[in-house]
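Chain residues, written in single-letter form:
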Amino acid sequence: LTLPLTREGNALICGGVDAGVEQILRALLFSALSQHSAQTLHAYLLDLGSQSLLAFAGAPHVGDVMTLEDGEKVERFFGVMQGLMAERRARFAAHGGSFARSCEKSEGCPAILVVINGLAAFSDAFPDLEEELIGLVRGSAQVGIFIVAVGETPGSVRMRLKSYFRQIVACN
């Protein structure tokens, strides 16, 4: 199971508990980690739901799995991601601003996958980070940072945030 993140951009997966969204998310993660080496893909997981993503904590690709109990770590993580986006923009500018072209020409530019399981819980627990999340989703794919987020329904995700996801998968 795959999503064409590098070609199509960030993805929003929507569906209730009984729709199999967590199974789809785990299958996507397993597929991504199986198809890429730890040198070419780094993953950071925010599991604000069932905490089923903790099973991926030991994978060499996974930098961290954060939960609702990790509030300060989540806040620091968003600061680090904003800095990394700015650094990559400057680095990739020499190659026409393209992540793909820059990676063809140099070593050490892994794709970064950020998974947010539980957008409603994120909004409730981290209202001060909502603008940072929008900024991350808006500008990340161009610099090789790809977001996969899970919401209960497409209508439950704020329109401003939803508009920056190029792929929306609805599960019933």
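Residues numbered from 1 in each chain as written. Predicted model: local features only at pLDDT ≥ 70, side-chain atom pairs only at ≥ 80, totals over all residues. Heavy atoms only, no water.

1. Brief notes about the overall build of the protein chain
Logical step 1: Helix and strand content of the protein chain: seven helices and six strands.
Logical step 2: Going from the N terminus to the C terminus, the protein chain shows its helices and strands as α-β-α-β-β-α-α-β-α-α-β-α-β.
Logical step 3: In terms of overall size, the protein chain behaves like a compact globule, its C-alpha atoms giving a radius of gyration of 15 Å where 172 residues would be expected to give roughly 16 Å.
Logical step 4: On the principal axes, the C-alpha backbone points of the protein chain span a range of 45 × 35 × 30 Å.
Logical step 5: Looking at the protein chain as a whole, 47% of its 172 residues qualify as buried.
Logical step 6: A gap of 11 Å separates the mean positions of the 14 positive and 18 negative side-chain charges of the protein chain. (Helix = DSSP H or I, 4+ residues; strand = E, 2+ residues; numbered from the N terminus. Rg over C-alpha atoms; globule rule 2.2 N^0.38 Å. Buried < 20%, exposed > 50% of the residue type's maximum accessible area, 1.4 Å probe, protein only. Lys, Arg positive; Asp, Glu negative; His and termini not counted. Charge placed at Lys NZ, Arg CZ, Asp CG, Glu CD.)

2. Regarding the nonpolar core
Logical step 1: Leu46, Phe78, Val114, Ile116, Phe122 and Ile145 are the most contacted members of the largest nonpolar core, which totals 31 residues.
Logical step 2: Considering each element in turn, this core owes the most residues, seven residues, to helix α3 (residues 71-93).
Logical step 3: Ranked by size, the runner-up nonpolar core spans 25 residues in total, among them Val21, Val65, Phe146 and Val148. (Core = buried A, V, L, I, M, F, W, Y, C linked by side-chain atoms within 4.5 Å.)

3. With respect to the pattern of salt bridges
Logical step 1: Applying the stated criterion across every chain, the model contains six salt bridges.
Logical step 2: The partner of Arg7 in a salt bridge is Glu8, and the shortest N-O contact between them spans 3.6 Å.
Logical step 3: Judged by its relative accessible area of 28%, Glu8 is partly exposed.
Logical step 4: Beyond isolated ion pairs, a larger network of salt bridges with shared partners links Arg7, Glu8 and Arg166. (Salt bridge = Lys/Arg side-chain N within 4 Å of Asp/Glu carboxyl O.)

4. What about the sheet that holds strand β1 (residues 11-14)?
Logical step 1: Across the sheet, six strands lie side by side as β3-β2-β4-β5-β1-β6; this open sheet has parallel pairing. In this open sheet, the two strands that pair with only one neighbour each are β3 (62-66) and β6 (167-170). The average undirected angle you get between the axes of adjacent strands in this sheet is 10 degrees.
Logical step 2: In this sheet, strand β5 (residues 145-151) lies alongside strand β4 (residues 111-117) in parallel orientation, the contact comprising six bridges. The residue bridging Val115 from the neighbouring strand is Val148, located in β5.
Logical step 3: Sitting on the sheet, helix α2 (residues 21-35) is in contact with β1, β2 (41-47), β3, β4 and β5, with an inclination near 165 degrees to β4.
Logical step 4: α3 contacts β2, β3, β4 and β5 of the sheet and is inclined by roughly 150 degrees relative to β4. (Pairing = 2+ DSSP bridges. Axes fitted to C-alpha atoms, helices over the stretch in contact; angles between N-to-C directions. Contact = heavy atoms within 4.5 Å.)

5. Things to note about the packing of aromatic side chains
Logical step 1: Taken as a whole, this structure holds four aromatic pairs when the rule is applied.
Logical step 2: With a centroid separation of 5.5 Å and 50 degrees between ring planes, the pair formed by Phe122 and Phe126 is classed as tilted.
Logical step 3: Every member of this aromatic cluster is reached through a ring pair, and the members are Tyr44, Phe77, Phe78, Phe122 and Phe126.
Logical step 4: Over the face of the ring belonging to Tyr164 we find Arg138, whose NZ or CZ atom lies 5.7 Å from the ring centre. (Phe/Tyr/Trp six-rings, centres within 6.5 Å; stacked < 30°, edge-to-face > 60°. Lys NZ or Arg CZ within 6 Å of the ring centre and 35° of its normal.)

6. Focus: α2
Logical step 1: The terminal C-alpha atoms of α2 lie 21 Å apart, and with 15 residues this matches the ideal 21 Å at 1.5 Å per residue to within 8%.
Logical step 2: Listing the buried residues of α2 in full gives Val21, Leu25, Leu28, Leu29, Ser31, Ala32 and Leu33.
Logical step 3: If you follow the buried residues of α2, they end up packed against β1, β2, β3, β4 and β5. (Expected span 1.5 Å × (residues − 1).)

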